[in-house]
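# Coordinates in review
Here is how the chains run, residue by residue.
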Amino acid sequence: MDIMSRRAPRQDVNDDHLEVEAPKKSAAGVPAVAVAMKFAVEQMGVRRTAQTLLKLNQADGFDCQGCAWPDPDPSHRHTAEFCENGAKAVTEEATLRRVDRGFFVEHSIEDLRDKTDYWLGQQGRITEPMVLRAGATHYQPIAWDQAFELMGGLLNGLASPDEAVFYTSGKVSNEAAFAYQLFARAYGTNNLPDCSNMCHESTSVALAEAIGIGKGSVSLEDVHDAKLIVVAGQNPGTNHPRMLSALEIAKQRGAKIISVNPLREAGLVRFKNPQKVRGLAGPGTALADLHLPVRINGDLALFQAIGALLLEWDALDHDFIAEHTHGFEEWAAAARELDWDAVRRATGLERREIVAAARLFQESDATVVCWAMGITQHRNAVATVKEIVNVVLLQGNIGKPGAGLCPVRGHSNVQGDRTMGIWERAPEHFLDALQKEFGFDPPREHGLDTVKAIEALRDGKAKIFIGMGGNFVSAAPDTEVTEQAMRNADLTVHVSTKLNRSHVVTGREALILPAMGRSERDLTGGRLQRVTVEDSMSAVHASHGPLKPASPYLKSEVDIICSLAIATLGDRHGLPWEDFRSDYTEIRHRIARVVPGCAAYDEKVSRPGGFVLPHPPRDSRTFDTEVGKAMFTVSPTDVLHVPEGRLLLQTMRSHDQFNTTIYGLDDRYRGIKNGRRVVFVHPEDITALGLADGSIVDIVSEWSDGSERNAPGFRVVPYDQPRGCAAAYYPETNPLVPLDSTAIGSNCPTSKSVIIRLVVPPHGGKGVTESSDAGAARDSGSKRTVQPEHLS
Ligand SMILES: Nc1nc2c(c(=O)[nH]1)N[C@H]1C(S)=C(S)[C@@H](COP(=O)(O)OP(=O)(O)OC[C@H]3O[C@@H](n4cnc5c(=O)[nH]c(N)nc54)[C@H](O)[C@@H]3O)O[C@H]1N2
Ligand SMILES: Nc1nc2c(c(=O)[nH]1)N[C@H]1C(S)=C(S)[C@@H](COP(=O)(O)OP(=O)(O)OC[C@H]3O[C@@H](n4cnc5c(=O)[nH]c(N)nc54)[C@H](O)[C@@H]3O)O[C@H]1N2
Ligand SMILES: [Mo]
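Residues numbered from 1 in each chain as written. Chains lettered and ligands numbered in written order. Predicted model: local features only at pLDDT ≥ 70, side-chain atom pairs only at ≥ 80, totals over all residues. Heavy atoms only, no water.

- Looking at an unreviewed UniProt entry, one finds the protein named FdhF/YdeP family oxidoreductase and attributed to Nocardioides conyzicola.
- Quoted verbatim from the Sequence similarities (unreviewed entry) field of the UniProt record, the comment on the protein reads "Belongs to the prokaryotic molybdopterin-containing oxidoreductase family." (UniProt positions renumbered as here; feature names shortened; annotations may be inferred.)

Take a look at the structure:
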């Protein structure tokens with residue numbers, strides 16, 4: 001029954017169980033509904049499933065814990081306004097399975113360390129606070145008060161507040177986020193890394209420089225009304241399924257769609273809308289008109305080339321350029337000199353393919369460009385986003401209906417957390433506003449981002465790690481170094497709903513603090529509380545959960561933060577923690593006074609559907625940059641060199657996971673069943689490398705300092721993509737991503753361009769599913785004695 005328990009950590013694939021089929025040609029439809037219901041009913045039962053899913057994304061219900069794609073206007077919502085993967089996300093939280101104190105008696109920390117991420121997550125909701133004392137073999141229960149006392153005592157004992165790290169994952173509500181950053185700053189540090197540092201940071205940096213605000217400029221209506229939609233480096237069929245409904249509407253109104261992706265992702269080819277009878281039964285809607293199978297990392301060159309062609313054809317909005325932009329002449333001079341040979345090498349595309357794309361831009365007077373991790377997690381990611389901006393500016397596609405920049409965010413409230421000040425480099429005006437409102441002087445020196453926090457923990461410069469949600473150990477790059485960094489800490493604390501790897505790779509002491517999830521009724525302070533969130537398009541709205549909390553001992557995130565603040569700060573600075581936790585409206589009143597665009601916050605979030613935050617480029621073509629105009633920028637054309645016999649690996653999500661949370665072992669659209677340790681390679685590369693379909697290989701990544709990392713035991717699967725590219729799932733491949741390999745300007749790990757080689761281990765790879773073998777391979781890391789084959 002339990003195939004996981006026989007396997008070593010992270011060895012989710014048994015060669016014998018893994019099945020590979022042809023990739024699917026369409027997304028959603030009947031199978032999506034069936035799969036969602038199967039997961040939900042298995043873990044929640046029929047009644048709870050109905051009760052929960054019908055409140056999902058409704059104006060009087062709760063915001064989906066899945067992605068940050070916006071909800072339609074309240075009057076246009078369906079009874080079932082959710083997708084297969086949203087239903088899985090909710091099921092994961094509303095499950096009836098429990099991890100209680102008996103569980104921790106039964107399982108030692110050593111035992112839990114041997115389990116896969118999938119197994120850990122499947123055990124259910126954590127029911128009470130647990131502590132791992134120094135040297136102990138088991139977690140044991142701890143009273144909430146004692147947990148806060150322990151944390152407060154250690155925090156107050158640090159030599160400097162900068163020895164503490166306060167991480168946030170993007171599910172945390174605006175109220176909790178605002179209270180958390182206030183606490184960290186009142187305590188004395190800007191060490192507020194978040195999952196954004198590994199996600200859309202490159203977007204935020206590039207957009208802030210180019211258009212004066214780090215957020216996208218479109219509304220859902222703009223997507224519906226666009227004449228051309230470009231989807232670059234994003235897999236909406238899996239990661240933002242409700243976006244397909246928006247693409248379908250646009251398509252029916254006559255829009256063209258270009259997909260830019262090394263893989264031909266099912267959702268971009270054809271979509272069967274499960275909310276319509278025709279979608280369930282019929283052939284569905286063909287989505288992409290043009291698919292550009294770009295080589296990994298080739299997008300910078302691609303957008304440069306599209307820009308150069310629009311310039312050559314004079315397909316420009318001259319008035320917009322003259323009135324609203326800066327730097328056009330320098331950009332145009334560089335574009336005229338574009339090295340088309342370099343473009344061809346970088347993109348792997350034929351010139352005619354790029355011309356076809358540029359023609360679609362030329363023919364459209366309302367273009368939306370969407371992007372996600374395929375763009376942001378590269379060394380040149382910030383420059384690439386700026387090239388997207390250049391192309392959008394050329395045709396004045398910003399601040400008008402049906403047009404704009406559409407970075408599609410990940411976690412459901414990752415954008416809101418940033419708005420609320422979860423930011424290691426919060427701008428001066430934000431800190432000034434905090435000072436004015438609360439009367440203390442917040443630290444001004446920038447704090448640690450995710451990568452720098454790992455380095456500080458590794459080097460003994462940070463000693464306490466507190467994670468507000470998330471799974472830092474598995475999400476971060478360079479797993480071995482990150483795990484060692486966590487072990488160096490005096491204390492690691494995780495505010496969590498479910499068990500994960502970060503709970504078993506700990507500092508000297510560790511705490512698990514179980515939090516209520518968004519689907520649960522929050523009666524903190526004896527009154528029904530609600531929270532607020534912001535989606536990818538800057539719309540803010542309220543959310544309240546319908547379900548009874550998984551255990552009577554859970555606390556809300558706001559409660560946990562305020563209690564920790566009281567235990568640590570006492571009445572230092574006279575901050576109103578008691579008021580905050582007895583009524584979150586008090587927090588919203590402070591948000592209204594501190595956060596730009598949030599005046600009358602509590603009142604505005606009470607409207608059905610909430611309100612939209614101001615966005616000067618979108619609202620009035622105002623650009624709050626250094627020169628007060630939108631900036632054209634010039635970057636060198638970048639060709640990522642991959643040595644002979646090596647491949648360029650991207651690490652991505654399967655259809656059955658939410659980041660490090662593994663829902664199941666299938667990746668339906670890509671034809672993978674019952675396993676995750678697969679590496680997708682072009683059939684001709686498989687042959688050229690002397691491998692075969694089904695070979696079991698170790699993936700070895702090579703680092704600038706000459707060292708190597710190894711992820712053992714992946715099955716080679718032939719898959720259509722540009723030559724020289726490869727793809728495998730995250731987080732299994734995180735050991736391969738070097739900690740010091742990050743995007744220039746944003747420090748985002750380069751999870752989508754890792755140079756690797758595939759090595760057949762001497763034992764033929766068969767042994768790697770046995771725990772002893774895999775453990776040995778993991779522990780010896782780069783010291784493995786396997787002689788790397790040169791495969792070309
Ligand atoms: N169900 C589900 N939903 C999710 C998540 C989840 O794990 N599961 N995660 C959430 C989070 S936090 C995020 S950030 C988003 C992530 O959403 P996505 O960005 O869609 O996530 P990835 O799976 O990393 O997919 C990256 C896509 O980019 C493509 N790609 C890779 N390299 C390149 C490149 O160099 N150029 C181009 N043009 N394309 C490339 C890949 O083939 C893939 O289609 O989804 C959010 N929603
Ligand atoms: N190689 C590689 N690495 C990547 C990426 C990649 O594409 N490739 N993507 C990166 C990206 S885009 C991101 S966003 C990060 C994700 O990094 P994180 O946000 O840190 O990771 P998640 O897997 O989303 O966190 C899941 C955990 O959050 C906890 N949790 C879930 N819901 C709640 C809640 O409501 N409250 C609280 N307190 N806790 C909760 C659960 O315990 C669960 O185990 O990973 C990054 N890492
Ligand atoms: Mo993300």
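### So, the overall build of the protein
- Of regular secondary structure, the protein possesses 32 helices and 31 strands.
- Taken over the C-alpha trace, the protein has a radius of gyration of 25 Å; the compact-globule value for 792 residues is 28 Å, and the two agree within 12%.
- Across the 792 residues that make up the protein, the buried fraction comes to 66%.
- Here the contacts in the protein between residues at least 6 apart in sequence split such that 79% fall between residues at least 24 apart.
- As presented, the protein carries roughly 27200 Å² of accessible surface, and 50% of it is formed by carbon and sulfur atoms.
- One finds the centroid of the 86 positive side-chain charges in the protein at a distance of 4 Å from the centroid of its 102 negative side-chain charges. (Helix = DSSP H or I, 4+ residues; strand = E, 2+ residues; numbered from the N terminus. Rg over C-alpha atoms; globule rule 2.2 N^0.38 Å. Buried < 20%, exposed > 50% of the residue type's maximum accessible area, 1.4 Å probe, protein only. Contact = heavy atoms within 4.5 Å. Areas by Shrake-Rupley, 256 points an atom, 1.4 Å probe, with all protein chains shown as cover. Lys, Arg positive; Asp, Glu negative; His and termini not counted. Charge placed at Lys NZ, Arg CZ, Asp CG, Glu CD.)

### Examining the site of ligand 2
- Taken together, 30 residues surround ligand 2, and among them Tyr 167, Ser 169, Ala 475, Glu 557 and Thr 660 come closest.
- Between an oxygen atom of ligand 2 and a main-chain N or O atom of Lys 498, the distance comes to 2.8 Å.
- Taking 930 Å² as the accessible area of ligand 2 by itself, protein coverage stands at 96%.
- Considering only residue class, the shell around ligand 2 consists of ten nonpolar, 15 polar and five charged.
- Inspection of the shell around ligand 2 shows a minimum of three residues originating in each of domain 1 (3–22 + 643–785) and domain 2 (100–196 + 425–515 + 552–605). (Near = heavy atom within 4 Å. Polar contact = N/O pair within 3.5 Å; in protein donor to acceptor, adjacent residues only side chain to side chain. Nonpolar A, V, L, I, M, F, W, Y, C, P; charged D, E, K, R; others polar. Domains from an automatic or database assignment.)

### Some details on the domain arrangement of the protein
- According to the domain assignment, the protein contains domain 1 (3–22 + 643–785), domain 2 (100–196 + 425–515 + 552–605) and domain 3 (201–407).
- Taken residue by residue, the interface counts 27 residues in domain 1 and 25 residues in domain 2.
- For the pairing of domain 1 and domain 2, the buried interface totals around 2200 Å² over both sides, and the portion due to carbon and sulfur atoms is 55%.
- Between Arg 709 and Asp 478 there is a salt bridge, and its shortest N-O distance comes to 3.5 Å.
- Taken together, domain 1 and domain 2 are joined by nine residue pairs in polar contact (both at pLDDT 80 or more).
- A breakdown of the residues in the side of domain 1 that touches domain 2 according to their chemical character gives 14 nonpolar, eight polar and five charged. (Buried area = accessible area lost by both parts, 1.4 Å probe. Salt bridge = Lys/Arg side-chain N within 4 Å of Asp/Glu carboxyl O.)

### A word on the layout of surface pockets
- In this structure, the largest pocket encloses a volume near 860 Å³.
- Around the largest pocket, the lining comprises 30 residues; the ones closest to its centre are Ile 213, Gly 214, Trp 423, Pro 427 and His 429.
- Within the lining of the largest pocket, the residues separate by chemical class into 13 nonpolar, ten polar and seven charged.
- When residues of the lining of the largest pocket are sorted by domain, at least three fall in each of domain 2 (100–196 + 425–515 + 552–605) and domain 3 (201–407). (1 Å grid on protein atoms, 1.4 Å probe; cavity = no way out; pocket = protein on both sides within 12 Å on 5 of 7 lines; lining within 4 Å. Points joined across faces, edges and corners; volume = space filled by probe spheres on them.)

### Considering the UniProt feature "domain: Molybdopterin dinucleotide-binding" (unreviewed entry) in the protein
- Sequence positions flagged by UniProt for "domain: Molybdopterin dinucleotide-binding" (unreviewed entry) are, in local numbering, residues 647–704.
- Secondary structure over residues 647–704 splits into 10% helix and 40% strand, and the C-alpha atoms at its two ends are 16 Å apart.

### Thoughts on the packing of helix H7 (residues 174–187) against helix H22 (residues 428–438)
- In the contact formed by H7 and H22, the axes pass within 12 Å of each other and the chain directions differ by 85°. When the axes of H7 and H22 are compared, the pair comes out roughly perpendicular. Counted together, Phe 178, Gln 181, Leu 182 and Arg 185 of H7 and Phe 430, Leu 431, Leu 434 and Phe 438 of H22 form the full contact between these two elements.
- Of the residues belonging to the contact of H7 with H22, the class tally is six nonpolar, one polar and one charged. (Axes fitted to C-alpha atoms, helices over the stretch in contact; angles between N-to-C directions. Parallel < 35°, antiparallel > 145°, perpendicular 65-115°, else oblique.)

### A closer look at unusual backbone geometry
- In this structure, Pro 731 follows Tyr 730 across a cis peptide bond, with omega equal to 10°.
- Note that Pro 731 resides in the loop between strand S30 (725–729) and strand S31 (754–759).
- The backbone of His 573 sits at a positive phi, close to 65°, despite the residue not being glycine.
- Along the chain, the position of His 573 falls in the loop between helix H26 (557–569) and helix H27 (577–582).
- A positive phi angle is found at Arg 621, which is not glycine, with a value near 50°.
- Relative to the assigned elements, Arg 621 resides in the loop between helix H30 (616–620) and strand S22 (630–631).
- Look at Arg 621 and you get partly exposed, because its relative accessible area is 21%.

### Considering the nonpolar core
- Judged by nonpolar contacts, the single largest core of 63 residues is most densely connected at Leu 155, Phe 166, Phe 183, Leu 511 and Trp 577.
- Those residues within four positions of Phe 166 in sequence are excluded, and the remaining contacts are Leu 155, Tyr 180, Phe 183, Ala 184, Tyr 187, Thr 189, Asn 191, Leu 192, Pro 193 and Ile 466.
- In terms of nonpolar packing, the next biggest core, distinct from the first, is built from 57 residues, Phe 303, Ala 305, Val 369 and Leu 405 among them. (Core = buried A, V, L, I, M, F, W, Y, C linked by side-chain atoms within 4.5 Å.)

### Considerations on the site of ligand 1
- Near ligand 1, the surroundings consist of 31 residues, among which Asn 261, Glu 265, Asp 299, Gln 657 and Asn 659 are the closest.
- Protein chains bury 99% of the 920 Å² of accessible surface belonging to ligand 1 in isolation.
- Breaking the shell around ligand 1 down by element, the ones donating at least two residues are helix H10 (236–239), helix H19 (373–376), strand S23 (647–652) and strand S24 (657–658).
- Among the residues forming the shell around ligand 1, the class breakdown is eleven nonpolar, 16 polar and four charged.
- Mapping the shell around ligand 1 onto the domain boundaries places at least three of its residues in each of domain 1 (3–22 + 643–785) and domain 3 (201–407).

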